Amino acid sequence: MYVFFPRIFSRRDPFLTRQAKQVPTMAIHPIDYRYGTPEMRAVWSEENRFRAIVTVEAALARAEAAHGMIPPADAETIAACAGRARPERAKEIEAEINHDMMAIVKTIAEVCGDAGRWIHYGATSNDILDTATALQIRESLTLIEEKLQRLLSVLLDRSEETKTLVCAGRTHGQIGVPTTYGLRFAIWAAEVARHIERLRQMRPRVVVGQLTGAVGTQAALGDAGIEIQETMMEILGIGSVDVSNQVVSRDRYAEYFMLLANVATTLDKIGLEIRLMQRSEIGELAEPFGKRQVGSSTMPHKRNPIRSEQVCGLARIVRSAVEPALLNNVLWDERDLTNSAPERVIFPEASVLTDHILKVMIEVLKGLEIDHERIRRNLMLLRGVNLAESVMIELTKRGMNRQEAHEVMRTASMEALARDRDLGQVLSERPEVTRFISPGELDALLDPNAYTGTAVRQVGRLIEKLRPLCS
């Protein structure tokens, strides 16, 4: 296959006086050569799409035979021979008739002999196409669920490993009271677990097929239309719509894309935190970095979080599929064709990219490096000021008005920051504080390891709760 390769030249360039040079085409979309796993690309490949359609046509014939609409022998012939149909032949026919579904029907009929006359009997294009999409979504969800389970397992492992690792908590980008890395990993794990639950809950709503005919009435199937549809979906192992027009209602597909966007956003969230913690001035976390890996073409010292950046960037593309997916549910009357072209793009793109960034984030988290020394240094960076809440709570317990205690600790903290002093030193010089708390007690209250509340217990409970979801 060849394309014309455009160039811009001056008016005198001889190129303008001859036919544009033909050059071999190369892949256009990065999911063809840069992003995506082989297994998810295979799900949304042309070949698999063709095979899914053939499978649905064969199931239709068997269902119709089961209800006496076509001869059982012909249905068996179709089931046995349809697999010999080839997508290349369908493309040849499509070039002549300009209808992709009818081209496949003719292709299957050619290899089924006399039985081929029953191919597509009583069906309209989207009965077959939407049902084939259900088969692909089922495969896609299986792959996504497997990776979510692996991601959950890695997060639980990291949470267990770091459940007592105290670090600086941050709000608004500023250091706050202490937290633990175990709790951070656990929060991400809980989010991933909810995605697994959402996926399992939505599967029966999304993985459904239909056989309702041109406008949803099943008129071409007669009185047995409902039963034939149910039998056909049982053969395929998927759900059956209760009602539809010419297409499966796209709110179902929108739910699929919103799940992908939600998963991608969680990965974006994790990736962003890793990038923030890998900043040179923080340095608490670092992506795995190969021995011969290059960080920059001009700065040899660089060790950039490129995998997390890729995850964050591609998450934007996955989220962008949500709007067209929602708009695809808004069709004229019993249907129009405005959903078709967007779906040809967003199904493979969003599915492949979500699967890809799941794989990347699993690898990042498994190899994530944790710098305990930098964590400790950052935790102590404010010289006790980030433990002001601890002292405020104790002052209130011992009799000081809570609002007064807040103001005492606020002014003391501002003084400690302005004069670059330990908060404990500043507080030990304030009678309103030492009246309630001795200097020795202040040291204990300003120990970050003693102010992590129930973080360790929370992590332990969550790990025990979520481990079963990993298998």
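Given the structure is predicted, the values throughout are model-derived calculations rather than measurements.

**Student:** Give me unusual backbone geometry: which residues, what numbers.
**Tutor:** With phi around 60 degrees, Asn98 is a residue other than glycine that occupies positive phi space. Mapped onto the elements, Asn98 comes out in the loop between α4 (87-97) and α5 (100-111).

**Student:** Tell me what's going on with the pattern of salt bridges, and back it up with residues and numbers.
**Tutor:** For the coordinates displayed, the defined rule picks out 31 salt bridges. Here Asp100 ties to Arg344 by a salt bridge, and the two come within 2.8 Å at their closest N and O atoms. You can see Asp100 sitting in helix α5 and its partner Arg344 sitting in helix α12 (residues 340-367), a full 244 residues away along the chain. Residue Asp100 is classed as partly exposed on the basis of its relative accessible area of 24%. Linking Lys359 and Glu363 is a salt bridge whose minimum nitrogen-to-oxygen distance equals 2.9 Å. One end of the pair is Lys359 and the other is Glu363, both in helix α12 and 4 residues apart, which spans about a single turn.

**Student:** Please give an account of the packing of aromatic side chains that cites residues and values.
**Tutor:** On inspection of all chains with the given rule, the structure shows 8 aromatic pairs. With a centroid separation of 5.2 Å and an interplanar angle of 15 degrees, the aromatic rings of Trp44 and Phe347 are classed as stacked. Placement of Trp44 in the loop between α1 (38-43) and α2 (46-66) and of Phe347 in helix α12 is noted, with a sequence separation of 303 residues between them. Accessibility assignment for this pair places Trp44 and Phe347 in one class, buried. Ring geometry for Tyr181 and Phe185: centres 6.3 Å apart, planes at 40 degrees, overall tilted. Note that Tyr181 and Phe185 are positioned in helix α7 (residues 181-206) at a spacing of 4 residues, about one turn of the helix. Note on accessibility: Tyr181 and Phe185 belong to one class, buried.

**Student:** Which residues make up helix α19 (residues 455-466), and what are the values?
**Tutor:** With 12 residues, α19 should cover 16 Å at 1.5 Å per step; its first-to-last C-alpha distance of 16 Å lies within 8% of that length. Those residues of α19 not exposed but buried are Ala455, Val459, Leu462, Ile463 and Leu466. Projected down its long axis, α19 carries its buried residues within an arc of 100 degrees, all on one side. Every exposed residue of α19 that faces more than 90 degrees away from the buried side is listed here: Arg457, Arg461, Glu464 and Lys465.

**Student:** Any details on the environment of Asn328? Residues and values, ideally.
**Tutor:** Topologically, Asn328 is positioned in the loop between α11 (322-327) and α12. Separated by 75 residues in sequence, Asn328 and Tyr253 place their C-alpha atoms 8.9 Å apart. Look past the residues within four positions of Asn328 in its chain and what remains in contact with it is Arg250, Thr338, Asn339, Pro342, Glu343 and Ile346.

**Student:** Help me get a handle on the packing of α7 against α19, residues and values and all.
**Tutor:** Close contact between α7 and α19 brings their axes to 10 Å; oriented N to C, the two are set at 30 degrees. Classified by the angle between their axes, α7 and α19 sit roughly parallel to one another. Classified by chirality, the crossing of α19 by α7 is left-handed. From α7, Gly182, Leu183, Ala186, Ala189, Ala190 and Ala193 reach across to α19, where they touch Ala455, Gln458, Val459, Leu462 and Leu466.

**Student:** Residue-level account of the nonpolar core, with values.
**Tutor:** Core analysis: the biggest nonpolar cluster contains 114 residues, and Tyr256, Phe257 and Leu365 have the highest contact counts within it. The greatest single-element share of this core, amounting to 15 residues, is contributed by helix α6 (residues 125-161). Counting residues in each nonpolar core, the second largest holds 21 residues, with Ala416, Leu427, Val433 and Leu445 among its members.

**Student:** Quick one: what's the story with the state of the cysteines, residue by residue and with numbers?
**Tutor:** Overall, the coordinates contain 0 disulfides when judged by the stated rule. Cysteine Cys312 is unpaired, with the sulfur of Cys167 as its nearest cysteine sulfur at 19 Å.

What counts, and where the lines are drawn
Residues numbered from 1 in each chain as written. Predicted model: local features only at pLDDT ≥ 70, side-chain atom pairs only at ≥ 80, totals over all residues. Heavy atoms only, no water. Helix = DSSP H or I, 4+ residues; strand = E, 2+ residues; numbered from the N terminus. Salt bridge = Lys/Arg side-chain N within 4 Å of Asp/Glu carboxyl O. Buried < 20%, exposed > 50% of the residue type's maximum accessible area, 1.4 Å probe, protein only. Phe/Tyr/Trp six-rings, centres within 6.5 Å; stacked < 30°, edge-to-face > 60°. Expected span 1.5 Å × (residues − 1). Arc of directions from axis to C-beta. Contact = heavy atoms within 4.5 Å. Axes fitted to C-alpha atoms, helices over the stretch in contact; angles between N-to-C directions. Parallel < 35°, antiparallel > 145°, perpendicular 65-115°, else oblique. Left-handed = near helix turned anticlockwise from the far one by under 90°. Core = buried A, V, L, I, M, F, W, Y, C linked by side-chain atoms within 4.5 Å. Disulfide = S-S within 2.5 Å.

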